[in-house]
Amino acid sequence: MSSILSPLYDVVSWIMVVFHKVFTPVFGTSSGVTWSLSIIGLVVVIRILLIPLFVKQIKSQRGLQLLQPEIKKLQDKHKGDREKQSQELMKLYKETGTNPLSSCLPILVQAPIFYALFHVLRGIAQEPVKPAGILTQAQAESAAAAHFFGARLSESFTSTTSTSTRVVTILMIVAMSLSQFITQRQLMVKNVSAESAAANPLAQQQKLLLYVFPIMFAVFGINFPVGVLLYWLTTNLWSMGQQFYVIRNMPSPGTPAEAAYLARMAAKQSAGRRSLLRRAPAASTDSASGAPGGPPTPAAPAAPRGQRQQPSRSTKRNRPTGGGTAAKPSSPARPPGGSTPAAGPAPGPSDAG
C-alpha cells in the first residue's frame, strides 16, 4: 500500500514544503504558525484542484432535480417490486448520464490525500522522527516540534498525556462535526425540494449521512494527529462556504433556496424602480425651475438679432386726401442762433422707427 501511495506522499509533502518556505521569512522555520499555514495551504491547493469535480457534482444534482417526475412515475409503476424499481432507476440514470453518487466524489477523491497527510504526520510523531515523502530529517524534526494553540501537530488525543493537546483535539473534533452537520443540513433543507426528497431513493441515505458523518468524526478523530484534524477542519469550512455561495446564488429549481433567491431579486428590482421614481421628479423640477420644489419659470422668447422692425404699410383709408401726396414730416425746431441744419436725405421706410 505504501509503495502504491508513495508518489502521493511526495506530492503532499512537497506542497507543504513549498508553503513552509513561503511563510518561513515571516514566522520562522520551526514556528507552529508556519507549519499550520502550510497545512492550510495544502487544503487550498487541493480544493482548487477539486473545483471541476464540484461543478460536476452540481450538474448531477440539477439532473436529479429534473428527473424527479420520471422517478416518481417509475416508483408508482413498480410500487410493489423494489428490485424492478431499482433496475429501472439505474437504467434511467444510465440513459440520462446522471450519477446519484456524485455528491460523494469530492470526499472519495480526498480520501487518498487525507491518508497521505496522515502518513506524513504519523512519521513525524514517531520516536525517533521518521521523515516521509520529500521531507528532510531537519524539516521533519521542525514539524514535530511545531505547536497549534499549545498542541503539537504530530500528537493525537490518544497518543499524548498533555492536557492542552487533548483540549485542543476535543474542540477541533467538535468544530469538525458541527461544520459537517451544517454543510449537509443546508444542502438537504434549502436545496432539495419536497417532491425530490420524497421521490429520491437516496434521500434517506442522505439523512443518515447527516448524522453518521459527525459521529464518525467524533469516533475516529481522537486517533488523528492535530495536523490531520486541522486539514479536515479547514476543508469542512471550505465546503460549507462554497456550498453556501452556490445555494444562495445558483439554487436548484423548485427548492426553498430558489424561492428565497427569486424573492431577493424581486425586492432588488422593486428597490431600483423606487429609486428611479424618486430621482425622476427631482430631475424634472431642477430642469424646469432651476431649484428643487420651486414653481416653473417660463422661458423668455429670444429676441431676434440683426433684423429691424418694419413699419406697417398705410392703407388708402389712412392716407391724406390733399393732392394725393403723403404729408411731409414736420421740420425740426430751429436751434438758437438762427442757423438751419442741412437737409439730409429723406428717410426711407426701412429707416423709420
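The structure under discussion appears in the preceding block.
In this text the structure is predicted, and so the values were computed from the model without any measurement. (Residues numbered from 1 in each chain as written. Predicted model: local features only at pLDDT ≥ 70, side-chain atom pairs only at ≥ 80, totals over all residues. Heavy atoms only, no water.)

Peer 1: Go over the overall build of the chain, please, and point to the residues and values.
Peer 2: Within the chain one finds 12 helices and two strands. Reading the chain from its N end, one meets helices and strands in the order α-α-α-α-α-α-α-β-β-α-α-α-α-α. Here the chain holds 353 residues, and 35% of them are scored as buried. A fraction of 69% describes how many contacts in the chain between residues 6 or more apart in sequence connect residues 24 or more apart. When the accessible surface of the chain is summed, it comes to about 22200 Å², and 63% of that surface belongs to carbon and sulfur atoms. (Helix = DSSP H or I, 4+ residues; strand = E, 2+ residues; numbered from the N terminus. Buried < 20%, exposed > 50% of the residue type's maximum accessible area, 1.4 Å probe, protein only. Contact = heavy atoms within 4.5 Å. Areas by Shrake-Rupley, 256 points an atom, 1.4 Å probe, with all protein chains shown as cover.)

Peer 1: I'd love a proper account of the packing of helix α6 (residues 105-125) against helix α11 (residues 226-249), names of residues and values included.
Peer 2: Between α6 and α11, the least distance of the axes is 9 Å, while the angle of their chain directions is 155°. One element, α6, and the other, α11, form an angle in the roughly antiparallel class. Like other packed secondary-structure pairs, α6 and α11 cross with a definite hand, here right-handed. Touching Gln110, Ile113, Phe114, Leu117, Phe118 and Leu121 of α6 are Gly227, Val228, Tyr231, Trp232 and Thr235, all from α11. By residue class, the composition of the contact of α6 with α11 is eight nonpolar, three polar and no charged. (Axes fitted to C-alpha atoms, helices over the stretch in contact; angles between N-to-C directions. Parallel < 35°, antiparallel > 145°, perpendicular 65-115°, else oblique. Left-handed = near helix turned anticlockwise from the far one by under 90°. Nonpolar A, V, L, I, M, F, W, Y, C, P; charged D, E, K, R; others polar.)

Peer 1: Which residues make up a positive patch on the surface, and what values go with them?
Peer 2: Together, Arg273, Arg274, Arg278 and Arg279 line one region of the surface with positive charge. Counting through the fold element by element, Arg273 comes out in helix α12 (residues 256-289). (Patch = residues over 30% accessible without salt bridge, like charges linked within 9 Å, V, L, I, M, F, W, Y side chains within 5 Å. Salt bridge = Lys/Arg side-chain N within 4 Å of Asp/Glu carboxyl O. Lys, Arg positive; Asp, Glu negative; His and termini not counted. Charge placed at Lys NZ, Arg CZ, Asp CG, Glu CD.)

Peer 1: Could you give an account of the side chain of Ser142, naming the residues involved and the relevant values?
Peer 2: Locating Ser142 in the fold gives a position in helix α7 (residues 137-145). When residues no more than four places from it in sequence are discounted, the contact partners of Ser142 are His20, Thr29, Ser30 and Trp35.

Peer 1: Describe the pattern of salt bridges, and please don't skip the residues or the numbers.
Peer 2: According to the stated counting rule, one finds two salt bridges in the structure shown. In this structure, Lys84 engages Glu88 in a salt bridge whose closest nitrogen and oxygen atoms are separated by 3.4 Å. In this pair, Lys84 and Glu88 both sit in helix α5 (residues 82-96), four residues apart, roughly one turn of the helix. The residue Glu155 makes a salt bridge to Arg152 at a minimum N-O spacing of 3.7 Å. Glu155 gets classed as buried once you look at its relative accessible area, which sits at 15%. Exposure remark for Arg152: the relative accessible area of 25% places this residue in the partly exposed category.

Peer 1: If you had to explain the packing of aromatic side chains to someone new, which residues and values would you point to?
Peer 2: The geometry of two aromatic rings is summed up by the distance between their centres and the angle between their planes. In total, this model carries seven aromatic pairs according to the counting rule given. Ring geometry for Phe118 versus Phe224: centroids 6.1 Å apart, planes at 70°, classification edge-to-face. Taken together, the residues Phe118 in helix α6 and Phe224 in the loop between α10 (203-220) and α11 connect sequence positions 106 residues apart. We classify Phe224 as buried; its relative accessible area is 16%. A ring pair is formed by Phe148 and Phe149, whose centres lie 4.8 Å apart and whose planes are at 90°; its orientation type is edge-to-face. With a relative accessible area of 17%, Phe148 lands in the buried category. (Phe/Tyr/Trp six-rings, centres within 6.5 Å; stacked < 30°, edge-to-face > 60°.)

Peer 1: Can you tell me about the packing of helix α1 (residues 6-27) against α6, naming the residues and giving the values?
Peer 2: In the contact formed by α1 and α6, the axes pass within 9 Å of each other and the chain directions differ by 70°. Compared by their axis directions, α1 and α6 come out roughly perpendicular. Facing Leu8, Tyr9, Val12 and Met16 of α1, the residues of α6 in contact are Pro112, Ile113, Tyr115, Ala116, Leu117, His119 and Val120. A per-class count over the contact of α1 with α6 returns 10 nonpolar, one polar and no charged.

Peer 1: Give a detailed account of α5, specifying residues and quantitative values.
Peer 2: If you check α5, its first and last C-alpha atoms are 21 Å apart, about what 15 residues at 1.5 Å a residue would give, namely 21 Å. Residues Gln85, Glu88, Leu89, Leu92 and Tyr93 constitute the buried set of α5. One side of α5 holds all its buried residues, which, seen down the axis, span an arc of 140°. Pointing more than 90 degrees away from the buried face of α5 are the exposed residues Glu83, Lys94 and Glu95. At the C-terminal side of α5, Gly97 shows a positive phi close to 70°. (Expected span 1.5 Å × (residues − 1). Arc of directions from axis to C-beta.)

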